[in-house]
Number of protein chains: 4
Amino acid sequence: MSSEFGKNITLSVFGESHGEAIGCVINGLPAGVALDTDKINFEMARRAPGKDKTATPRLEKDLPEILSGVLNGVTTGAPLAMIIKNTNTKSGDYSNLMQVPRPSHSDYPAYVKYNGFNDIRGGGHFSGRLTAPIVFAGAVAKQILAQKGITVGAHIKSIAGICDDSFDMENVTAQELIRVSSLPFSIINKDVEERMRKAVEDARMDCDSVGGVIECAAVGLPVGLGANIFSTVEGHVASALFGVPAVKGVEFGAGFGIADLRGSQANDPYCIKDGSVFVKQNNNGGVLGGMTTAAPLIVRAAIKPTPSIAKEQESVNLQTMSEARLKIKGRHDPCIVPRAVPVIEAAVAFALLDLMM
Amino acid sequence: MSSEFGKNITLSVFGESHGEAIGCVINGLPAGVALDTDKINFEMARRAPGKDKTATPRLEKDLPEILSGVLNGVTTGAPLAMIIKNTNTKSGDYSNLMQVPRPSHSDYPAYVKYNGFNDIRGGGHFSGRLTAPIVFAGAVAKQILAQKGITVGAHIKSIAGICDDSFDMENVTAQELIRVSSLPFSIINKDVEERMRKAVEDARMDCDSVGGVIECAAVGLPVGLGANIFSTVEGHVASALFGVPAVKGVEFGAGFGIADLRGSQANDPYCIKDGSVFVKQNNNGGVLGGMTTAAPLIVRAAIKPTPSIAKEQESVNLQTMSEARLKIKGRHDPCIVPRAVPVIEAAVAFALLDLMM
Amino acid sequence: MSSEFGKNITLSVFGESHGEAIGCVINGLPAGVALDTDKINFEMARRAPGKDKTATPRLEKDLPEILSGVLNGVTTGAPLAMIIKNTNTKSGDYSNLMQVPRPSHSDYPAYVKYNGFNDIRGGGHFSGRLTAPIVFAGAVAKQILAQKGITVGAHIKSIAGICDDSFDMENVTAQELIRVSSLPFSIINKDVEERMRKAVEDARMDCDSVGGVIECAAVGLPVGLGANIFSTVEGHVASALFGVPAVKGVEFGAGFGIADLRGSQANDPYCIKDGSVFVKQNNNGGVLGGMTTAAPLIVRAAIKPTPSIAKEQESVNLQTMSEARLKIKGRHDPCIVPRAVPVIEAAVAFALLDLMM
Amino acid sequence: MSSEFGKNITLSVFGESHGEAIGCVINGLPAGVALDTDKINFEMARRAPGKDKTATPRLEKDLPEILSGVLNGVTTGAPLAMIIKNTNTKSGDYSNLMQVPRPSHSDYPAYVKYNGFNDIRGGGHFSGRLTAPIVFAGAVAKQILAQKGITVGAHIKSIAGICDDSFDMENVTAQELIRVSSLPFSIINKDVEERMRKAVEDARMDCDSVGGVIECAAVGLPVGLGANIFSTVEGHVASALFGVPAVKGVEFGAGFGIADLRGSQANDPYCIKDGSVFVKQNNNGGVLGGMTTAAPLIVRAAIKPTPSIAKEQESVNLQTMSEARLKIKGRHDPCIVPRAVPVIEAAVAFALLDLMM
């Protein structure tokens, strides 16, 4: 099994939370693309911890160093390799985990799969820190997509069950996507933001955590990307999104809600808009028969609550095969949803670019 | 783009609804597996139309002919090719679709992607009929999985918003999975079945259709299948499931519901059961860090209502680029959910077998 | 392991020599390509046995039946499936082979690999008959390449050590390639043909067989196909060619001969011809740094003598693990080189088309 | 196009000759393998320049830094990333190449393919320096193969047409492979070495270069690795070998020579040796039907003479599209064959390990 994604443009992610460095290699990029470093760093900063009360206090620069594939700021067509050195690591925090696996973490299956040889310091290769190279790759992908008139952006749809329903699945524009996804807390309805923040703070006070749903859109896509049966846009995007830790569900358009509708409600009637085919509603999320169609691509990812909570939990001791109790120490986000927004965008952008090439 | 799935065991599906034949090629099967033809035919019959009031009246035998890869009923290790000849086709029904695409169907993006050269008779390669080879491949996969002590089965979780919540995500057994998935209408709570059937019949009377949710489980899996970041069990299973027409969402365990829980509720505590590691609840659906863990794999697929409805709909004329109205003729299921149960099982079984090899 | 080739256009070959049918599935073909059936049948006939004294007397029609992916003679963009039914089979000839493997045949490793479950009748999936679907796929590929101005053709470079050195690696034209590859015995220098034929006939009289070398060229390719390090044109073409039974060596341009030259002799000087970059000689066979350059692609494949000879041979009995003697009965070509010419062309054409897409 | 190889164990190579660093990522390694750093460094040193009169005087440490995938000297099962920093680079030497491409180098097709955006300093991603990560990956692969009783080794078969024919294709042992491949100049017959060295020195004195052939063997392989039709051992090994710059031909066993034999000479008779199936000769190079059999794997690669020679050469000016003369400055090996031996071994070892997993 491997940490690789993509067919035409491939992304290979490597590194462990407390190892020398994390990074990625991207193969298949076109030559001649001028990369805007500020835009890359902006995306990296969106994901970086420590900026906000909802996030872990671990501070890192997370500045990507490009080792190859870029000359004078322009892609050469050769593989682009990037590393981020690990600096601020406290390995002492995780010593007990090999014996008593954390519930809802990878600890137990990783222990079995890798016979105890996997690096557990800070989660090792399973750490959420490994989403930093994904964000980097997504930032590169977004710049190439932008040159083709395609914009990818996401917002917080819900946190702790508090919903922001103000997203317009049919008529969302590139400008609106850029605006919302650039916010430190990417939400459309500012009134809802305070309630969400309070829910996160309440969870932190209770030594607990909360999850949420992120909604992502892509506008400007050509009609006919993807194909049916095993080459669907949905399958390709979903396989990238399930590579983001904590994602437990992926849906398109009306998603699970469409199952409760009648065909006459669910079907998206076509219309003519500015001389082009368009839809009157977007329950199919811009994908039909596995292919992009005339509407924005709409995809939602369910993010489970951070499994690392300070509350004591029930687990087992794998050495003694007896039940045990566990208190997780260390620094953890009570809610990773805001920081996950750029990760979801990145995964979607990279998957779409791969389909475009 | 291609109709191929899998890395170690690959499935290549071909054919058009009204062409000579549909079929598939499976590469990478182990040699020496005795295939039970009755079991394969039983699965094919579960998906076949015309058995039930909820289904289309088109009658077909759908008997698979194995062309290669099997000698005296035992796999040879060479590619297994199978065809199903198309016999009962009425091509006249679909003549108008090239100009006026059916809403929520592949017609429009296929027209753009294939420049009008795609076979539209009966949906062509986009027809739900192409799920027959998937069921065949799943039936083969299930027999190999069974030899490894693994059972895959599914049931109808909801139709038209009517839910059957009697599924036990933690303690479901192989016996129960086999029992339910063998029913003509695969439902656990028989009381709910009548309400579902009525909803389907009501929709038919209204020239409309309904959707639903199918819940699938796999028990007996080893711990540690899959891996994190782009090799996740979730991503692999989802990419197979989105290859099934009409699937608009895929979720694992508590799925989208987990986003509303707190970590202390969502986390699945470990316990010891019969000397082995087990879980007290299964919100993660048997997958952690992208790997199978000590609980049953639980995955749900949202099935949209059949887009082909007899009600008049709004569309556009692609030749004149003007708005148009459309009445779909022909024979169509008011609800494909019951027939989709074996297809979902097959896609899950094949994806899991691929991860096992 | 699988009988699949290609990344963008994929070819999946199936079938056994004495099974129901052999065939292939091609994924990723562009829609809208009018296929000339006569041209396909012409290529099939070139490979078919029984036309010439050098070939096996087994007579077959080998007429391909297209099951999907083509409508009214034009590709639809959906997978193209093709079968050739097996009719003239004499299974009785091969009964002893499971115990006493034929030298230089796949019998022994196949027996070990497939635990004796592989179909040995007529060689099963290892039969040279499986090159028929490759020729079919190559015939399709050649038509698409022709629309892009690319021509692939091959000739017999040597048989039994008798060489035809009249090939012009720098200035070969599409017309010459088409002419030579259309001959029943594809040779440039007709004087050499008689000596080759005599060598084949002598071998037949001696119950023996002979091999040879096939030289293949492609003209009209764009500059820059392929890439260096693991995406080379050479590696891709070679991996297709080694899929053709009996190929034991693949070389480009001057090939193994280049190893004996000095750099000043081996290097191909550039010149300007008709306003374009060209080469004064073609020792690199049209590939530099893994990429196509300004000269024709030149590749050669070494074909070993048919391993099935009527002479008695030394082998072992796998049941008794003792040494044994073997006399192969049945009908076999004393030289497969002439019939292998269209197979080599097909493999090269398909590999190049895959790189083009 | 990408610099990636492998299906089960994948190798992704990155970097440019004069960039920040070169390196690789290996995915799919088993967890729990203790890596011997000395053995890795020994292999790196074999390839490193400057040790011998036949090699370029550029001195580099080429010490690999492992960034991930190894903890306390043992593989974790996570991706293994490695970098080698570039230190000793003289970029001024190559300024003219964008306009006047070096004959037999990648310059011209790379210029066309990458629109002039590729990094040409020192050959960029096309530099022979990129073989260092391949040697690293091979060194890792060899250690894992050794644990399975498999040894890969190579020797210089010829340089400048001077041949060492003392290799025993049937009975070569692991000990002999290790001995020869550990020599600074990997040759079996020491008498031939002096003549080869003189030929290289003569070429250097003439501002010219020479090529050669490297012969590689693997012993201890299980029977049945690989498969026929597009999954052949030959095709897989060849696609790795053609990824090594300067390789223009690949052959197995008797290779091109087998084409001149009769079947009765070419066929390798089976015998019983120490109770196991073995062969009396090895013209098939240990591969039949695409699968490993009872004999050592024997593969040969033709290495063209170093294209960078000090002699003046004919080329063209791509800006003015006129003919031009070129004198290459800088430091270049008059013969890369001795340094290429560990690279060929590495490519073969990695390809075989991939087939084993």
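The coordinates are above.
Here's what I pulled together on the structure shown here.

Rules behind the numbers
- Residues numbered from 1 in each chain as written.
- Chains lettered and ligands numbered in written order.
- Predicted model: local features only at pLDDT ≥ 70, side-chain atom pairs only at ≥ 80, totals over all residues.
- Heavy atoms only, no water.
- Helix = DSSP H or I, 4+ residues; strand = E, 2+ residues; numbered from the N terminus.
- Rg over C-alpha atoms; globule rule 2.2 N^0.38 Å.
- Buried < 20%, exposed > 50% of the residue type's maximum accessible area, 1.4 Å probe, protein only.
- Areas by Shrake-Rupley, 256 points an atom, 1.4 Å probe, with all protein chains shown as cover.
- Lys, Arg positive; Asp, Glu negative; His and termini not counted.
- Charge placed at Lys NZ, Arg CZ, Asp CG, Glu CD.
- Arc of directions from axis to C-beta.
- Contact = heavy atoms within 4.5 Å.
- Polar contact = N/O pair within 3.5 Å; in protein donor to acceptor, adjacent residues only side chain to side chain.
- Salt bridge = Lys/Arg side-chain N within 4 Å of Asp/Glu carboxyl O.
- Axes fitted to C-alpha atoms, helices over the stretch in contact; angles between N-to-C directions.
- Left-handed = near helix turned anticlockwise from the far one by under 90°.
- Nonpolar A, V, L, I, M, F, W, Y, C, P; charged D, E, K, R; others polar.
- Parallel < 35°, antiparallel > 145°, perpendicular 65-115°, else oblique.
- Phe/Tyr/Trp six-rings, centres within 6.5 Å; stacked < 30°, edge-to-face > 60°.
- Pairing = 2+ DSSP bridges.
- Buried area = accessible area lost by both parts, 1.4 Å probe.
- Least-squares fit on C-alpha atoms with pLDDT ≥ 70 in both.

What follows covers the overall build of chain A. In terms of regular secondary structure, chain A is built from eight helices and 18 strands. Expected size for 357 residues packed as a compact globule is a radius of gyration near 21 Å; at 21 Å, chain A falls within 12% of this value. Put simply, chain A has 357 residues, and 67% of those count as buried. Total accessible area computed for chain A in this model is approximately 11200 Å², and 51% of it derives from carbon and sulfur atoms. Charged side chains in chain A number 35 positive and 37 negative. The centres of these two groups are separated by 3 Å.

A few words now on helix α1 (residues 37–47) of chain D. All names here are of chain D. For α1, every residue scored as buried is listed here: Ile40, Glu43, Met44, Arg46 and Arg47. Buried residues of α1, seen end-on, are gathered within an arc of 155° and therefore sit on one face of the element. Against β7 (80–85), α3 (131–147), α4 (174–181) and α8 (337–356) lie the buried residues of α1. Where α1 begins, the capping side chain belongs to Asp36, and its oxygen is found 2.9 Å from the backbone nitrogen of Asp38.

Another aspect to go through is the pattern of salt bridges. Side chains that differ in sign of charge can pair as their charged atoms come close. Taken as a whole and assessed by the stated rule, the structure comprises 84 salt bridges over all chains. Residue Asp333 of chain A pairs with Arg339 of chain A through a salt bridge whose shortest N-O separation is 2.8 Å. Asp333 of chain A sits in the buried class, given a relative accessible area of 4%. According to the relative accessible area criterion, Arg339 of chain A is buried, its value standing at 14%. Note that Glu43 of chain C and Lys142 of chain C form a salt bridge whose closest N and O atoms lie 3.2 Å from each other.

As a further point, take unusual backbone geometry. Backbone geometry places Asn115 of chain A, a non-glycine residue, at a positive phi of 55°. Residue placement: Asn115 of chain A occurs in the loop between α2 (107–113) and α3 (131–147). Notably, Ala160 of chain B is not glycine yet its phi reads approximately 50°, a positive angle. Mapped onto the elements of the fold, Ala160 of chain B is located in the loop between β8 (151–159) and β9 (162–163). Ala160 of chain B sits in the partly exposed class, given a relative accessible area of 24%.

Let's shift gears to the packing of helix α1 (residues 37–47) of chain B against helix α3 (residues 131–147) of chain B. Residues and elements named next belong to chain B. One way to put it is that α1 packs onto α3 with a least axis distance of 9 Å and a crossing angle of 145°. For the pair α1 and α3, the crossing hand works out as right-handed. Across the interface between the two elements, Lys39, Ile40, Glu43, Met44, Arg46 and Arg47 from α1 touch Thr131, Ala132, Val135, Phe136, Ala139, Val140, Lys142 and Gln143 from α3. In terms of residue class, the contact of α1 with α3 is built from seven nonpolar, two polar and five charged.

This part covers the packing of helix α6 (residues 233–241) of chain C against helix α8 (residues 337–356) of chain C. Angle between the axes and distance between the axes are the two parameters that describe a pair of packed helices. All names here are of chain C. The contact between α6 and α8 brings their axes to 9 Å, and the two run at 140°. With respect to α8, the element α6 is oriented oblique. At the point where α6 passes α8, the crossing takes the right-handed sense. Residue-level inspection shows Val233, His236, Val237, Ala240 and Leu241 of α6 in contact with α8, the latter providing Ile344, Ala347, Val348, Ala351, Leu352, Asp354 and Leu355. Considering only residue class, the contact of α6 with α8 consists of ten nonpolar, one polar and one charged.

Bringing the packing of aromatic side chains into the picture now. To describe a pair of aromatic rings, you give the distance between the ring centres and the angle between the ring planes. Tallying each qualifying case throughout the model produces 22 aromatic pairs over all chains. With a centroid separation of 5.3 Å and an interplanar angle of 45°, the aromatic rings of Phe5 of chain A and Phe230 of chain B are classed as tilted. Note that Phe5 of chain A is positioned in strand β1 (residues 4–5) and Phe230 of chain B in the loop between β10 (212–219) and α6 (233–241), a pairing that runs across two chains. Each member of the pair, Phe5 of chain A as well as Phe230 of chain B, carries the same accessibility label: buried. An aromatic cluster of at least three residues, connected via ring pairs, comprises Phe5 and Phe350 of chain A together with Phe230 of chain B.

With respect to topology, five strands assemble into an open sheet ordered β1-β2-β3-β7-β4 (chain A), the strand pairing being antiparallel. Across the chains shown, the open sheet's two edge strands, defined by having one partner strand only, are β1 and β4 (65–68) of chain A.

Let us look at the interface of chain A and chain B. Tallying the contact residues gives 106 residues for chain A and 105 residues for chain B. In total, chain A and chain B occlude about 8000 Å² of area from one another, counting both sides; carbon and sulfur atoms represent 63% of this. Counting the surface chain A buries against chain B, the share from its top three residues, Phe230, Lys248 and Tyr270 of chain A, is 11%. Counting every contact that joins chain A to chain B gives six salt bridges. A salt bridge links Glu314 of chain A to Lys280 of chain B; the shortest N-O distance between them is 2.5 Å. Across the side of chain A that touches chain B, the residue classes break down as 54 nonpolar, 34 polar and 18 charged. Direction of pairing for strand β11 (residues 247–252) of chain A relative to strand β11 (residues 247–252) of chain B: antiparallel, over a ladder of three bridges. Bridge pairing links Gly249 of chain A to Glu251 of chain B in β11 of chain B.

Turning to the sheet that holds strand β9 (residues 162–163) of chain C, a few remarks are in order. What the ten strands build is an open sheet, ordered β9(C)-β8(C)-β10(C)-β16(C)-β11(C)-β11(D)-β16(D)-β10(D)-β8(D)-β9(D); its pairing is antiparallel. Edge positions in the open sheet fall to β9 of chain C together with β9 (162–163) of chain D, since each of these has one partner strand only. Judged from the seven bridges that link them, strand β10 (residues 212–219) of chain D and strand β16 (residues 297–303) of chain D form a sheet pairing that is antiparallel. Opposite Ile214 of chain D, over in β16 of chain D, you have Ala301 of chain D as the bridge partner.

Residues and elements named next belong to chain C. On the secondary structure map, Lys329 appears in the loop between β18 (322–326) and α8. With a relative accessible area of 63%, Lys329 lands in the exposed category. Considering only alpha carbons, one finds Lys329 and Ala310, 19 residues apart in sequence, at a separation of 6.6 Å.

Rotating chain A by 180° and translating it 0.0 Å along the rotation axis places it on chain B, where the RMSD comes to 0.0 Å. Expressed as an axis order, the relation between the two copies is that of a two-fold axis. A symmetric contact is evident, with 99% of the interface residues of chain A recurring at the interface of chain B.

Take it as geometry only, folks, not as evidence of what the structure does.
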